[in-house]
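The residues making up each chain are set out below.
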Amino acid sequence: MKRIASIQDISCLGRCSLTVALPVISAIGVECAIVPTAVLSTHTMFQGFTCKDLSDQIRPIADHWEKEGFHFDALYTGYLASAEQIEDVCDFFDRFRSPDTLIFVDPAMADNGRLYPAFGPEFPREMAKVCAKADIVVPNLTEACLLTDTPYKPQFTEDEVKELLRKLCALGAKKAVLTGVGFTPTELGVMAYDPEKDEYFTYIVDHLPQHYHGTGDLFASCTIGAMMDGRSLEDALKVAVDFIIECIRITVASGKEKYYGVEFERAFPFLLKRLGKV
């Protein structure tokens with residue numbers, strides 16, 4: 001069984017970050033070890049949430065794991081609680097990266113043209129250091145713009161998206177995937193770029209107007225899980241997009257409050273069938 005170490009926060013209630021990564025990766029049939037960067041009472045769409053920064057635990061966990069000689073097939077990062085954690089995460093990569101270890105970075109820090117409230121304007125420069133070590137980096141449009149000093153706008157042309165992807169790889173990432181890509185108001189999907197082959201890959205589906213917190217985390221977790229299950233990046237991206245669409249459809253039909261995130265648990269039968277496991 002493949003093993004992923006996921007480094008990101010855990011929200012005790014609300015479907016995002018490790019609350020999503022652990023069950024999704026596990027359901028795919030891949031072991032998910034965790035390094036919590038912070039513990040939040042709920043995700044940040046709720047008012048008055050509590051947050052315990054766990055920066056002082058990252059290196060001790062790494063020390064123990066290194067002593068035990070643990071091996072990881074992938075290292076997957078999401079939301080990091082502060083700029084101070086960047087150095088520790090980069091050190092974690094250096095310690096546990098081996099020739100067969102995939103580093104997968106979701107630079108979760110912004111959406112809809114704005115940084116998340118916890119981060120100052122200097123944070124994208126720090127996050128770029130993590131992206132520089134990635135085999136695959138998967139930002140949304142806002143995050144890609146912040147990482148590459150590109151002015152944000154709600155919609156980009158295909159040529160502009162390709163330029164963003166090239167800029168992301170220029171940071172040091174071996175491959176880049178951009179989420180939230182759509183060239184007309186009725187479509188949405190992803191575009192990826194492999195600079196070594198100078199090839200682009202696009203997967204676009206019908207745009208659903210609903211927006212739910214945590215779908216980026218769900219997408220990243222499904223993608224890396226499917227890759228560790230033996231899928232190519234391109235196939236894993238298709239699986240992840242289709243899974244997100246199914247999760248949204250199920251949640252819309254349920255009529256539940258959108259702040260809690262999508263009801264991904266009810267979409268697991270779809271995911272397992274999509275992966276050919278049932």
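You'll find the structure just up there.
Let us look at the structure shown here. Fair warning: this is a prediction, and the values are worked out from it, not measured in the lab.

This part is about the overall build of the protein. When helices and strands are tallied, the protein shows nine helices and eleven strands. Rg of the C-alpha trace for the protein: 17 Å, near the compact-globule value of 19 Å for 278 residues, within the 12% margin. With the principal axes as the frame, the protein shows a C-alpha extent of 50 × 40 × 40 Å. Each of the 278 residues in the protein was classed as buried or not, and the buried ones make up 51%. Surface accessibility of the protein: about 12400 Å² in total, with carbon and sulfur atoms responsible for 52%.

Looking now at the pairing of strand β5 (residues 102-105). Side-chain alternation along β5 places Leu-102 and Phe-104 on one buried face and Ile-103 and Val-105 on a second face that is also buried. Examined bridge by bridge, strand β4 (residues 74-77) and β5 share four bridges and lie parallel to one another. Across the sheet, Ala-74 pairs through a bridge with Leu-102, a residue of β5.

Let us now look at the pattern of salt bridges. Following the criterion strictly, the structure yields 21 salt bridges and no others. Across the pair Arg-59 and Glu-87 runs a salt bridge whose closest N-O atoms are separated by 3.8 Å. In this pair, Arg-59 sits in helix α2 (residues 55-68) while Glu-87 sits in helix α3 (residues 85-96), placing the two residues 28 residues apart along the sequence. When the shortest N-O distance is used, the salt bridge between Lys-277 and Asp-229 registers 3.0 Å. Here Lys-277, found in the segment after α9 (268-274), pairs with Asp-229, found in the loop between α7 (215-228) and α8 (233-254); they are 48 residues apart in sequence, far enough to count as distant. Ionic contacts of the salt-bridge type, sharing partners, join the residues Arg-59, Asp-63, Glu-66, Glu-87, Asp-88, Asp-91 and Arg-95 into one network.

To continue, consider the nonpolar core. By size, the foremost hydrophobic cluster in this structure holds 48 residues, and its most contacted members are Val-24, Leu-218, Ile-224, Phe-243 and Phe-264. Secondary structure elements with two or more residues in this core: α1 (17-28), β4, β5, β10 (187-194), β11 (199-206), α7, α8 and α9. Among the elements that take part in this core, α8 stands out by supplying twelve residues, more than any other.

Right, let's talk about a negative patch on the surface for a bit. Together, Asp-53, Asp-56, Glu-84 and Glu-122 make up a region of like negative charge exposed at the surface. Mapped onto the elements, Asp-53 comes out in strand β3 (residues 51-53).

Okay, a nonpolar patch on the surface next. Side chains of Leu-13, Met-45, Tyr-259 and Tyr-260 sit close together on the surface and give an oily, nonpolar patch of about 360 Å² of accessible area. Note on placement: Met-45 falls in the loop between β2 (31-40) and β3. With relative accessibility at 38%, the residue Met-45 sits in the partly exposed group.

Turning next to the packing of aromatic side chains. Considering all chains together, one arrives at 14 aromatic pairs under this definition. Look at Trp-65 and Phe-72: their rings are 5.1 Å apart centre to centre, the planes differ by 40°, and that puts the pair in the tilted class. Here Trp-65 matches Phe-72 in class, with each residue buried. A ring pair is formed by Tyr-76 and Phe-104, whose centres lie 5.7 Å apart and whose planes are at 80°; its orientation type is edge-to-face. One end of the pair, Tyr-76, is in strand β4; the other, Phe-104, is in strand β5, and 28 residues separate them in sequence. Phe-104 sits in the buried class, given a relative accessible area of 0%. Of the aromatic side chains, those joined through ring pairs into one cluster are Trp-65, Phe-70, Phe-72, Phe-92 and Phe-96.

Calculation notes
- Residues numbered from 1 in each chain as written.
- Predicted model: local features only at pLDDT ≥ 70, side-chain atom pairs only at ≥ 80, totals over all residues.
- Heavy atoms only, no water.
- Helix = DSSP H or I, 4+ residues; strand = E, 2+ residues; numbered from the N terminus.
- Rg over C-alpha atoms; globule rule 2.2 N^0.38 Å.
- Buried < 20%, exposed > 50% of the residue type's maximum accessible area, 1.4 Å probe, protein only.
- Areas by Shrake-Rupley, 256 points an atom, 1.4 Å probe, with all protein chains shown as cover.
- Pairing = 2+ DSSP bridges.
- Salt bridge = Lys/Arg side-chain N within 4 Å of Asp/Glu carboxyl O.
- Core = buried A, V, L, I, M, F, W, Y, C linked by side-chain atoms within 4.5 Å.
- Patch = residues over 30% accessible without salt bridge, like charges linked within 9 Å, V, L, I, M, F, W, Y side chains within 5 Å.
- Lys, Arg positive; Asp, Glu negative; His and termini not counted.
- Charge placed at Lys NZ, Arg CZ, Asp CG, Glu CD.
- Phe/Tyr/Trp six-rings, centres within 6.5 Å; stacked < 30°, edge-to-face > 60°.

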